[in-house]
Every structure is written in structure tokens, then in C-alpha cells.
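Observations on chain architecture
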Amino acid sequence: MKRVFPVIFWLIALSLVWPVFKPLVRKADSPEASLGQMSVLEGGRVKPLDSVARSTLLLFRGKQSIRTESGKVTATEWFTDLLLNRDAVADMPVFRIDHPNILGMFGLEAGTKKYFSYAELEPYLSRIQEQARQVSENSDLRGPYEKAINQLFGNLMQYQLLSQTVYPLRLRDSLPVFYNAVAGSILESRMLMGGDSPVIPDPAKSRLMRIHMQQLDFMGRTPLFLLFHDGDWIKPSELLQSAVGEAGVLPDQLTALASAADARQNGDESAFAEAVAQLTSFGPDQVDANPGVEYYFNQSQPFIVSLGLYVFVALLVFLGWQFSMSLFLPSAYGILLLGLVIHTVGLILRVIITGYAPVTNLYSSAVFTGWVAVLLSVGFEYFQRKGVGSLAAATVGFLTLLVAHHLSDSGDTMEKMRAVLNSNFWLSTHVITIVMGYGATFLAGFLGLIYILYGWFRRGLDKEMQKSFHRMIFGAICFSLLFSFIGTVLGGIWADQSWGRFWGWDPKENGALMLVLWTTMIIHGLRCGMFKTRGLVNLAIGGNMITAWSWFGTNMLGVGLHSYGFMDSAFFWLVIFWLSQLLFIGVEWLIPVRVKKI
């Protein structure tokens, strides 16, 4: 029977990993999937249309899919209809609203409804706009309601802009008819401007030309460059204005786009597939990105898979400590290694896609911090097979990936880097080493938390277990000191080259220095005999607070030259985290962990 359990554990783990291999084994061949892989330019970056769809839906709804009465709608399916058949998505609940005052605007009470469609919100658009106009331009003075109404209005405007990428709002003609009519107006306009018109302009035609020009202007405000034409990215409205032939013939790309929209609106699947195949054939042969890899990254979701594996590892460790370490812990360690491999693959794919170092923004710093902590923990667990390293890895890995997942709600996590950040070797190495220090300090702190919880729930721990904890926490702190110090020095070199001074008491610099001083103090106190394991544990937990301040808190100050990822919305959770760490330290001093003599 004991041989059966590991098989069951690995079958469960492999089922969790299946999403990573599924896109390779079962390649999606639907027209929507082909359209999702088509390269577009948005936010200054070439990416698959699928990425635009996912980040847009995350921004509006907080999720990458929509649940309707007829089933699940993927982000790409929704975005395809938003571009080509927007009447089909007008009733889909894509806008999330939580604030009770905004819900009150619709006559609803808090908790009665959370998701709304564009059709439901459109009648209130003027009131929402009026409320948004009253919001202070100074973001520091905005309260929760002002932020929520401003965000909602921005999302509605983004929805409108994207929905008229291919054809203008309130268009009653079919898209082929509209495109040909615009082409005719453009030819007429050229003749008039060139003085070749044989007769006085017809007032009706002149009015129609003005309407068409206004419609093209509205379409041109979309943030999405959908087409690749003559070596450059272009919007459909721009292509209409620039590439209509002398005989009024539409470019092939616009013909394919119009056919795709027409077929989508008429429900003609074969014609839609044919038009999509023709449209996607115009993609660029070589660009400075890899949309194919990014499309696979979106489909496989490696960080979500790793997150699930880490939860499973934590469960196995708990079961091992409760029932049989020899039965559960070997499988937990093996599955932890599998989680680390998937986590690493995700990081490598991001580097391939972006062409940048693994840490470029707050999202990637969370992913990398967790990866460092898991890597160190795997080493600890290799030498001391007691489950402590596996549980610490699973905990830090899970929490950091959870933080990263919520940070991704704000939009594209692979946005183009600023030139100053992308061109400096010292900055790249400085950020990576500093984040490695964060990961090690968090690992030491969470080992301290596990020490306390393990001691409380098992009514004490033996000396051998205490020594194991002591060695792991001490090792993590030494690692943190080394990389925090190197990272701080590298940051000074970068600051000297970029700003002309090595040190300027910038909040971010101070945060890094605090981490160096804190870990130095712990090692010094330990070596001088000022405290032993108990003090080490509590100071390591205090390191969690220092690291959280250095990582997130300094950004919330909104001052300094190189704070990144400013997000005051996280202040509440930062305070909660600090209070939780203080609570652990305080309670441990009141109820110390008992060390058994045997």
C-alpha cells in the first residue's frame, strides 16, 4: 500500500502540470486561436492579440475569462467579437464594480451584483463621466470612491476605443459597404483637393465625406495597431486613408478584415475561418519580439501551475509531519523540484519574450523573489530531509506568485522598458542582486514563522530540529547579507553613472541599506553571543517587515529618483502584513517555543 501513495501523489502533480504541455499536445486550430496568435502593436510592444485580450479583460473584470449562461468565454473569443462583432459582447458582464456608492448610482445595494455589461452601463455613461470629471487631478487627494469612479470611466472609454478599431460606433452598414463608401469619399476628396473635379461638389457628397472623415478620426483613436503593412504597423483607419488605390480598390488586408467582420456578424464560420487565414497571412516575417512564444506562455500559465504545485507540496509536508515522514516527504520534495522547474521555465520564457533581464518591474520582482527563495529552500531540504525546507519553499513560492498574480491585474506585465532602464548594465545587475537579497530574507523570516508554528502545534521541538532551523535561518540571512550588500554597491555605481553621485539618501537606497544593516546586526549579535536560536528566529521575522518596506513601502512614498511600481493601494495589505509579523513576535515572547531535552 505504501508504494501506491507516491504514485497517487505524482498522478495528482502531473494533472496539475498538464496545462503546461496541453498547448504543445493539443494545438488550438480554431479561427479565434489563429487570430489570437496574430501579431499586433500595442503599448509600444509587438505581442500576440491574445495578450491584448487577456490584459484588457484583466483590467476590466479582474479575470482572463467570462462565465456566461452558455458557458466559458475565453479572452480571445471575447476580444474577437469586441473588434468584429461588438453587438455580441455588449451584454457580457465584463466590468467589475465593487464600490457601494457606484452601485447605488444604479439603484443596487452592495453585494447584490458585481459584474456589469457595457449595455447596462451605457445609459449611465454621462453620469459616470460627470462624476469622473469632479475627481481631483492630484491622485494623492483621491479617496476610494474617486479612484473607483475614475477607473470605471477609464475602462468604459478604453472599451469604446478598442471596439471601434475596425469600424466606428453606431455603424448600420456592413463593413465591406462602409469601407468601399469611405474609399469612394477619399477618391472624391483627392479630386477636389487636386482641382480635377469637373463639376461643383455635390453638397450631399460633401456632407458624407465629412462624416466619413470624422468616423476615421474616431477609429484612429484606438490604442491598437492591428495591421502590418509595407513594413510598418498601422491602424485600419490609417490604412483606409493611405492605401486606397486610384480606382478606389481596397488593400487586400482591409478586404480580409471586412470579410472577417461580415462573416462573424452573419455567423458564417467557414467564411470567417477563410478570412482569418487570409488576414493572418499578412503578419510580419521578422520582428523584435516572439509572439509565438508569448502565445504559448499565455496558454500554459507556468506561474499558476507552479502556484498549484506549491500548495500541494505544503499539504504533503503537513500530512508527513502528522502521519509518516518517510511516506509523504520524499514525494513532497520531488514535486517541489517539479514546481521549481516550471517556475524556472516561466522565467526563461519571459526573458525570451521581452529580451530583458528577469526583473524589470514590480510583477517580475515578485516572481523572481519567490524563485530565489524556492531555489535556496531546495538546497536546504536536500541536506536536511525534514520537510522544513519544502514547506518554506512552498509557502514563500505560493505567496510571492499570489502577489504577482494580483499585480498582473493592472495590465501588461511585459511592458516596454524605459530606455534608461534598458541600457545600463549596472542597473540590471543591481536590481537582480537586490531582489535575490529580498528572497533570502523572506525565506529566513518564513523559516522563523514555521519554527514557531511547528513548536506550538507539536508542543515543542527536539534539539536536532532546533539546530536544523537554526542552520537554515542563519544560512539564508548570510545569503541575504551578501547579495543585499553587493546589490547596494552596484546600485551606487549605477547612481554615480546616471545621476553623478554614489549615494543620495533616496528612499529606495535607504531601504536597501536597512536590509544590509539588519542582517549584519543579526549575524554580529549571534556571533557575539547576544542571543541564540530564539532571538535569531524573532529577528528573522522582523526581517520580513524590513524587506516588505524596502520592496513595497518605499514605492508608496512616491518620492525619490528610482522608485518603481508605485501603488498606494497596497498600503492596507502592507500594514496587515507588518501587524501579523509583530503579532507572531509578541505572542512568541509570551508563549515561547519549548525545546525538548531529549
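Residues numbered from 1 in each chain as written. Predicted model: local features only at pLDDT ≥ 70, side-chain atom pairs only at ≥ 80, totals over all residues. Heavy atoms only, no water.

Moving on, we get to the domain arrangement of the protein chain. What the domain assignment reports for the protein chain is domain 1 (31-163), domain 2 (175-281), domain 3 (301-417) and domain 4 (421-597). Computed from C-alpha coordinates alone, the two centres of domain 1 and domain 2 are separated by 27 Å. When the two sides are added together, the surface that domain 1 and domain 2 hide from each other amounts to roughly 1700 Å², 73% of it contributed by carbon and sulfur. Taken together, the links from domain 1 to domain 2 amount to two salt bridges. Residue Glu 32 is joined to Arg 264 by a salt bridge in which the shortest nitrogen-to-oxygen separation is 2.6 Å. At the surface where domain 1 touches domain 2, the tally comes to five residue pairs in polar contact (both at pLDDT 80 or more). If you list the elements that add at least two residues to the side of domain 1 that touches domain 2, you get helix H2 (31-36), strand S1 (39-42), helix H3 (49-61), helix H4 (75-84) and helix H8 (144-163). Looking at side-chain class alone, the side of domain 1 that touches domain 2 contains 13 nonpolar, five polar and four charged residues. (Domains from an automatic or database assignment. Buried area = accessible area lost by both parts, 1.4 Å probe. Salt bridge = Lys/Arg side-chain N within 4 Å of Asp/Glu carboxyl O. Polar contact = N/O pair within 3.5 Å; in protein donor to acceptor, adjacent residues only side chain to side chain. Helix = DSSP H or I, 4+ residues; strand = E, 2+ residues; numbered from the N terminus. Nonpolar A, V, L, I, M, F, W, Y, C, P; charged D, E, K, R; others polar.)

This paragraph deals with the packing of H3 against helix H14 (residues 291-300). Two numbers describe how H3 lies on H14: the axes approach to 9 Å, and their chain directions differ by 40 degrees. Relative to H14, the element H3 lies oblique. Along the contact surface, H3 presents Asp 50, Ser 51 and Arg 54, while H14 presents Glu 294, Tyr 295, Asn 298 and Gln 299. The residue makeup of the contact of H3 with H14, split by class, is one nonpolar, three polar and three charged. (Axes fitted to C-alpha atoms, helices over the stretch in contact; angles between N-to-C directions. Parallel < 35°, antiparallel > 145°, perpendicular 65-115°, else oblique. Contact = heavy atoms within 4.5 Å.)

Here S1 shows a buried face lined by Ser 39 and Leu 41 and a second buried face lined by Val 40 and Glu 42. As judged from the four bridges shared by S1 and strand S2 (residues 45-48), these two strands associate in the antiparallel manner. Residue Ser 39 lies in a different strand from S2, and its bridge partner there is Pro 48. In textbook terms, the turn of a hairpin is the stretch between consecutive antiparallel strands, and for S1 and S2 this stretch comprises two residues, one of which, Gly 43, has a positive phi near 65 degrees. Where S1 lies against strand S7 (residues 224-225), two bridges are found, and the strand directions are antiparallel. Directly across from Leu 41, in S7, lies its bridge partner Phe 225. (Buried < 20%, exposed > 50% of the residue type's maximum accessible area, 1.4 Å probe, protein only. Pairing = 2+ DSSP bridges.)

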